[in-house]
Every structure is written in C-alpha cells, then in structure tokens.
Amino acid sequence: MPVLILGGTSDARRVAELLPGSISSLAGRVRQPMLPAGEVRIGGFGGVAGLAAYLRSAGITAVVDATHPFAAQMTAHAAQACALTGVPLVVLRRPGWSGAFTRVPSFAVAADVLPSLGSRVFLTTGRQDLAVFAGSDLWFLVRSVDPPAPPTPRRMVSVLDRGPFTVEGETALMRAHAIDVLVTKDSGGPTGAKLQAAQSLGIPVLMIDRPPLPPGVEAVDTPAAAADWTAHRTMEP
C-alpha cells in the first residue's frame with residue numbers, strides 16, 4: 001500500500017528514494033520540476049475534501065509532508081485531510097538557520113523594515129510573494145526558477161536560475177549588482193551559499209520566519225527520519 005509524499009523539494013526526492021513504491025505529489029507551479037523517483041502526480045487535490053478523497057481512493061497508508069516550510073496552506077490541508085481519514089502524517093522540516101539576522105514574522109513586515117537596511121536588495125524568496133514589494137522605491141535583484149508575474153517591484157532585474165549555488169558565485173553576483181541587503185526565507189538545512197556570501201561581504205540579512213506547523217502535527221528533520229517514521233506507522237496493525 002503506497003505512501004504519499006507531498007512536495008518537490010530535494011528532501012522530498014530523497015524520501016522517495018528511501019521509500020520505493022511511494023507516490024510523490026508536486027504542486028505544478030514550476031514549469032520543469034526535478035522529478036523524484038517512482039510514481040509522480042502533478043497538480044492540486046482540490047482542497048481538504050479532495051485530498052481526503054484521494055487518500056481513500058488510492059489506499060494511502062501514510063503521508064510525508066516534505067513541502068517547502070512556507071507552503072503553509074498545503075501543510076494545513078494535509079493535517080486536516082489526514083485527521084478526517086485517520087491516515088498518519090509526518091512533516092519533514094529541516095532545522096532553521098541561526099545567525100546575526102534581522103528576523104521578521106511575515107513578508108508584509110519585511111517590506112516595512114527593508115528601507116532601514118539598504119536600498120539595493122537581493123530578493124531570494126521566489127516569485128510567489130513579490131506583490132508585497134511592488135510599491136517599494138528600492139532596487140531589487142529577484143531570483144526565481146520561472147519568470148515572475150505582475151505585480152512586481154517597479155525597479156527590478158530578474159535572474160532565472162536554479163540551485164545549488166556556490167559561495168563564489170553568490171559573492172560575485174552580489175558584487176556585480178552592488179547589493180547592500182539580502183532578503184530570504186528561513187528554508188533551513190545546511191547554511192546557504194548566499195548567507196555565507198552576505199556574511200563575507202558584510203551585507204545585512206533580512207530573514208523571514210517560517211509559519212508555525214498546525215497543532216499536534218508530528219515533525220522530523222531528516223529524510224531518513226521521515227522514512228523510518230513511515231515504516232513504523234505502516235507496519236502498525
């Protein structure tokens with residue numbers, strides 16, 4: 001009986017490798033996603049009711065939510081659908097980053113704080129939340145996998161690229177564009193090249209905190225731990 005893995009992250013792909021016979025579900029927001037091993041479905045479920053119906057019809061025995069830490073709606077839907085169906089759920093979340101960052105709880109607060117930190121911004125939060133910066137007079141270098149859609153900052157250069165990135169490459173990019181502040185989300189995991197580059201250049205980092213997990217949801221911090229958790233749950237009577 002299959003395990004459902006939610007997410008197109010590198011951790012989700014690793015879980016798929018560790019769980020042969022699993023089904024991976026990708027949201028379909030990236031045009032050419034890196035596909036995991038095994039069976040893959042792309043696209044939404046149609047909310048909580050749709051996901052619950054899928055769990056029943058596909059005979060899913062456990063769900064691993066390995067979506068991005070900021071995919072709060074999908075995580076909330078997974079928690080509700082699993083509660084409705086009695087399917088065990090675990091959320092895979094890497095440990096967050098720590099350092100001398102300016103931390104804010106949301107994109108809206110980030111937009112308010114940003115002018116006090118710099119005027120040439122390297123925005124590495126992806127293309128989904130650019131609207132909150134659309135009214136800013138600052139200059140933005142925006143990096144994303146696919147082209148951003150309006151509304152976007154008025155003064156913006158878009159760079160289309162996909163990691164992993166190197167410290168040398170990130171340092172050169174920030175120097176070339178005279179970046180004086182880095183904005184990123186607390187995705188966690190190994191310290192990112194962009195953070196190391198910003199530190200070496202003395203550039204302040206504005207870090208957007210992760211949204212909290214739904215109450216009562218179990219969480220692990222490595223793909224191996226998620227696979228072990230799933231193996232124990234699916235063997236239970």
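These numbers come from a predicted model, not from an experiment.

Q: Is there a simple way to explain helix 3 (residues 72-85) in this structure?
A: In an α-helix, one turn spans 3.6 residues; hence positions three or four apart end up facing the same way. Look at helix 3: 20 Å from first C-alpha to last across 14 residues, which is about the 20 Å you get at 1.5 Å a residue. On its buried face, helix 3 sits against strand 1 (3-6), helix 2 (47-57), strand 4 (62-65) and strand 5 (89-92). One or two positions beyond helix 3, positive phi appears at Gly86, with a value near 75°.

Q: What am I meant to see in the nonpolar core here?
A: Inside soluble globular proteins, nonpolar side chains tend to come together where they are buried. Counting residues in each nonpolar core, the largest one holds 19 residues, and the members touching the most others are Leu4, Leu51, Leu55, Ile60, Val63 and Leu89. Going through the elements one at a time, strand 1, helix 2, helix 3 and strand 5 are the ones with two or more residues in this core. A total of five residues in this core trace back to one element, the largest contributor, which is helix 2. Beyond its immediate chain neighbours, meaning those up to four positions away, Val63 contacts Leu4, Leu6, Leu55, Cys82, Val87, Pro88, Leu89, Val90 and Trp229. Ranked by size, the runner-up nonpolar core spans 16 residues in total, among them Phe133, Leu138, Val142 and Val183.

Q: Even after reading the chapter, I still don't get the sheet that holds strand 2 (residues 23-26), so can you show me in this structure?
A: Note: strands within a sheet are paired through backbone hydrogen bonds, in either parallel or antiparallel orientation. The sheet built from six strands is open, its strands ordered 3-2-1-4-5-12 with parallel pairing. Edge positions in the open sheet fall to strand 3 (39-42) and strand 12 (218-220), since each of these has one partner strand only. In this sheet, adjacent strand axes meet at a mean angle of 25° when their direction is disregarded. Pairing geometry for strand 1 and strand 2, over three bridges, is parallel. Each residue of the ladder has a partner; that of Leu6, found in strand 2, is Ser25. Strands in contact with helix 2 are strand 1, strand 2, strand 3 and strand 4; relative to strand 1, the strand with the most contacts, it is inclined by about 145°.

Q: How should I be thinking about the pattern of salt bridges in this particular structure?
A: Pairing of side chains with opposite charge becomes possible as their charged atoms draw close. This structure, assessed with the given rule, holds seven salt bridges. Here Arg127 and Asp146 are joined by a salt bridge, their closest N and O atoms 3.8 Å apart. Note that Arg127 is positioned in the loop between strand 7 (120-123) and strand 8 (139-144) and Asp146 in the loop between strand 8 and strand 9 (155-160), a separation of 19 residues in sequence. For Asp146, a relative accessible area of 7% gives the class buried. A salt bridge links Arg154 to Asp137; its shortest N-O distance comes to 2.4 Å.

Q: Explain the packing of aromatic side chains to me, please; I cannot follow it from the model alone.
A: The geometry of an aromatic ring pair is captured by the separation of the ring centres together with the interplanar angle, meaning the angle of the planes. Taken as a whole and judged by the stated rule, the model has two aromatic pairs. Measuring from centroid to centroid gives 5.3 Å for Phe45 and Tyr54, while their planes differ by 55°, and the two rings are tilted. As far as the burial class goes, Phe45 and Tyr54 line up, both buried. Ring centres of Phe133 and Phe140 lie 5.7 Å apart, and the angle between their planes is 50°; this geometry places the pair in the tilted category. Like Phe133, the residue Phe140 is buried in the burial classification. Positioned over the ring face of Tyr54 is Arg41, at 5.2 Å from the centre of the ring. Arg143 extends its terminal NZ or CZ atom over the ring of Phe165, reaching a point 3.7 Å from the ring centre.

Calculation criteria
- Residues numbered from 1 in each chain as written.
- Predicted model: local features only at pLDDT ≥ 70, side-chain atom pairs only at ≥ 80, totals over all residues.
- Heavy atoms only, no water.
- Helix = DSSP H or I, 4+ residues; strand = E, 2+ residues; numbered from the N terminus.
- Expected span 1.5 Å × (residues − 1).
- Contact = heavy atoms within 4.5 Å.
- Core = buried A, V, L, I, M, F, W, Y, C linked by side-chain atoms within 4.5 Å.
- Buried < 20%, exposed > 50% of the residue type's maximum accessible area, 1.4 Å probe, protein only.
- Pairing = 2+ DSSP bridges.
- Axes fitted to C-alpha atoms, helices over the stretch in contact; angles between N-to-C directions.
- Salt bridge = Lys/Arg side-chain N within 4 Å of Asp/Glu carboxyl O.
- Phe/Tyr/Trp six-rings, centres within 6.5 Å; stacked < 30°, edge-to-face > 60°.
- Lys NZ or Arg CZ within 6 Å of the ring centre and 35° of its normal.

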